[in-house]
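Close look at the chain arrangement
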Amino acid sequence: MSQIEIAEIIEQIKQEIQIDANGQGKASVRAAARLANVNDAGLLRSLKTAADISRSKLVEKLIYKGFEGAEILSWSESGIPDVAVATILHYYGYEAGKRCTTQAKLACEAFESIGVRAWIQDLLGWAKPANPSETAMTQIQLLAAIAQQMAQQEQYLLEQQQQQTQILARLKAVEVEQDRVNTPCGHKYSVVGFANLQGLEISVKEAGTKGRKASALCRKQGIEIERIHDPRFGKVGLYPESVLIEVFSTGQN
């Protein structure tokens with residue numbers, strides 16, 4: 001989610017947020033749902049379980065935070081208090097299981113540093129009259145704070161990916177070395193492949209002759225010959241490095 005998208009969401013829900021003379025804000029159910037990126041009808045259904053014996057986990061969390069069931073039921077008409085909006089964002093960011101949203105988590109992380117109330121106060125242009133020296137966070141600062149949170153999140157994910165890549169590379173190197181140690185006769189190559197590895201030019205006839213010699217040595221030593229498909233020669237054998245070294249060192253074709 002980009003800073004532009006956050007700004008668009010804020011603009012969409014601005015008309016559904018209000019603030020009283022004491023600086024306490026409220027948001028409609030729809031506005032809270034948009035912030036958390038969840039369905040507003042689903043959020044409303046969850047809040048209405050405050051009247052039921054079997055309450056939703058979200059309502060249980062709100063009651064634990066000190067809200068009364070009757071108060072929660074009234075929010076569909078009166079609006080959700082700013083501190084309750086913070087609780088809802090935290091729930092859908094971290095505790096809602098499969099219904100958790102990345103947007104709720106990012107919004108929650110941003111608001112944890114500035115406070116939902118401070119955000120609403122700034123959004124609606126409210127300033128505390130008793131202390132003129134205190135300045136409310138501007139909307140640009142708010143968006144910058146959210147963008148910074150997102151940048152930190154992206155940087156963290158990038159660092160995790162880089163670390164994972166480095167770990168996989170080290171594991172691969174360890175596996176290659178273990179394979180080399182655990183294979184007494186060395187790695188296996190085709191005759192042409194081994195010649196290329198040594199920087200040697202070899203004709204088709206020479207490759208065939210050395211292949212037959214390598215096969216004979218493998219049978220003599222009880223080594224199973226693996227076969228792979230080659231687009232030029234059809235099926236070719238794979239021979240241990242030690243066998244190929246012996247075949248090529250003889251200088252015989």
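Residues numbered from 1 in each chain as written. Predicted model: local features only at pLDDT ≥ 70, side-chain atom pairs only at ≥ 80, totals over all residues. Heavy atoms only, no water.

The subject of this paragraph is the overall build of the protein chain. Counting secondary structure elements, the protein chain contains 12 helices and 6 strands. Per-residue burial over the protein chain gives 36% buried out of 253 residues. About 15500 Å² of surface is accessible on the protein chain, with carbon and sulfur atoms providing 51% of the total. (Helix = DSSP H or I, 4+ residues; strand = E, 2+ residues; numbered from the N terminus. Buried < 20%, exposed > 50% of the residue type's maximum accessible area, 1.4 Å probe, protein only. Areas by Shrake-Rupley, 256 points an atom, 1.4 Å probe, with all protein chains shown as cover.)

Turning next to the pattern of salt bridges. Within this structure, the stated rule accounts for 3 salt bridges. The partner of E95 in a salt bridge is K61, with the nearest N and O atoms 2.9 Å apart. Note that E95 is positioned in helix α6 (residues 82-95) and K61 in helix α4 (residues 57-64), a separation of 34 residues in sequence. In this structure E95 comes out as partly exposed when scored by relative accessible area, which is 36%. Residue K61 is classed as buried on the basis of its relative accessible area of 16%. (Salt bridge = Lys/Arg side-chain N within 4 Å of Asp/Glu carboxyl O.)

Turning next to helix α11 (residues 204-221). The terminal C-alpha atoms of α11, which comprises 18 residues, lie 26 Å apart, in line with the 26 Å expected from a rise of 1.5 Å per residue. Restricting attention to buried positions, one finds in α11 the residues A207, T209, K210, G211, A214, S215, L217 and C218. Residues of α11 that are buried in the fold lie against α10 (191-197), β5 (226-230), β6 (234-240) and α12 (241-249). Downstream of α11 by a residue or two, G222 has a phi angle that is positive, lying close to 70°. (Expected span 1.5 Å × (residues − 1). Contact = heavy atoms within 4.5 Å.)

In this section: helix α2 (residues 29-36). Of all the 8 residues making up α2, 6 are buried; the element is thus mostly covered by neighbouring parts of the structure. Those residues of α2 that fall on the buried side of the exposure criterion are V29, A31, A32, A33, L35 and A36. Directly beyond the C-terminal end of α2, a positive phi value near 60° is found at N37.

With glycine set apart, most residues show a phi of negative sign, and most peptide bonds adopt trans. Residues other than glycine seldom take positive phi values, yet N37 does so here, at roughly 60°. Considering the arrangement of structural elements, one finds N37 in the loop between α2 and α3 (40-48).

For the protein chain, per-residue confidence averages 80 on the pLDDT scale, and residues scoring 70 or more make up 75% of the total. Note on residues 132-137: pLDDT is under 50 here. Beyond four places in sequence and across chains, it has 7 contacts. (pLDDT = per-residue confidence, 0-100.)

The next point concerns the packing of aromatic side chains. Following the criterion strictly, the structure yields 4 aromatic pairs and no others. Ring plane angle 50° and centroid distance 6.0 Å describe the contact between Y189 and F194, whose orientation is recorded as tilted. Taken together, the aromatic side chains of Y189, F194 and F248 make up a single cluster linked through ring pairs. (Phe/Tyr/Trp six-rings, centres within 6.5 Å; stacked < 30°, edge-to-face > 60°.)

This part takes up the pairing of β5. With 5 bridges joining them, β5 and β6 adopt antiparallel strand pairing. Bridged to R227 within β6 is G237. Remark: 3 residues form the turn of the hairpin made by β5 and β6, two consecutive strands paired antiparallel. (Pairing = 2+ DSSP bridges.)

Ranked by internal contacts, the top residues of the largest apolar core, which has 30 residues, are L43, L47, I80 and Y92. Broken down by secondary-structure element, the contributors of at least two residues to this core are α2, α3, α4, α5 (69-78), α6 and α7 (102-114). If we skip the residues at most four places from it in the chain, L47 touches V29, L58, V59, L62, I72, L73, W75 and I80. Counting 15 residues, the second largest nonpolar core, distinct from the first, contains F194, A214, L244 and V247. (Core = buried A, V, L, I, M, F, W, Y, C linked by side-chain atoms within 4.5 Å.)

Read from one edge of the open sheet, 3 strands run β1-β2-β3, paired in antiparallel fashion. The strands lining the two open edges of the sheet, one partner per strand, are β1 (17-19) and β3 (80-81). With 3 bridges joining them, β1 and strand β2 (residues 25-27) adopt antiparallel strand pairing. Bridge pairing in β2 links Q18 to K26.

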